[in-house]
Amino acid sequence: MAIEVRIPTILRTYTGGEKAVTGEGASLSALIDDLEAKYTGIKDRLVEEKGGEIVLRRFVNVYVNDEDVRFLGSLEAPLSDGDAVVVLPAVAGGC
């Protein structure tokens, strides 16, 4: 099962500068574990422990085929071969 993962600039230090990498997993959680096995340290930038539970970090947005994973089951969002996952850090600021 091959899933393309688009990596934002800020996390490319973990992927050797690669804009996109390939991972595997039946869920987003499994995909993140697979990425961690290949790119040590990336998991800690995507998830955190909160109340004894592992959750996506508040300011990390993840999309599966253009759908926000928070509406697809968050870390348990199902993935299929050929899916496209995009990781986007939230941007804050203003005037």
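In the annotation of an unreviewed UniProt entry, the protein chain is listed under the name MoaD/ThiS family protein and assigned to Nocardioides bruguierae.

Draft legend 1. Local environment of the overall build of the protein chain. Tallying secondary structure elements over the protein chain gives two helices and seven strands in all. Sequence-ordered secondary structure for the protein chain, helices as α and strands as β, is β-β-α-α-β-β-β-β-β. Its C-alpha atoms give the protein chain a radius of gyration of 13 Å, near enough to 12 Å, the size a compact globule of 95 residues would have. Relative to its 95 residues, the protein chain shows a buried fraction of 35%. Restricting to contacts in the protein chain with at least 6 residues of sequence separation, those with at least 24 account for 46%. Of the roughly 5,800 Å² of accessible surface on the protein chain, 50% is carried by carbon and sulfur atoms. Each charge class in the protein chain was averaged separately, 10 positive and 16 negative side chains, and the resulting centres sit 8 Å apart.

Draft legend 2. Spotlight on helix H1 (residues 28-38). For H1, the full list of buried residues reads Leu 28, Leu 31, Ile 32, Asp 34 and Leu 35. Seen along its axis, H1 keeps its buried residues to an arc of 160 degrees; they face one direction.

Procedures and definitions
- Residues numbered from 1 in each chain as written.
- Predicted model: local features only at pLDDT ≥ 70, side-chain atom pairs only at ≥ 80, totals over all residues.
- Heavy atoms only, no water.
- Helix = DSSP H or I, 4+ residues; strand = E, 2+ residues; numbered from the N terminus.
- Rg over C-alpha atoms; globule rule 2.2 N^0.38 Å.
- Buried < 20%, exposed > 50% of the residue type's maximum accessible area, 1.4 Å probe, protein only.
- Contact = heavy atoms within 4.5 Å.
- Areas by Shrake-Rupley, 256 points an atom, 1.4 Å probe, with all protein chains shown as cover.
- Lys, Arg positive; Asp, Glu negative; His and termini not counted.
- Charge placed at Lys NZ, Arg CZ, Asp CG, Glu CD.
- Arc of directions from axis to C-beta.

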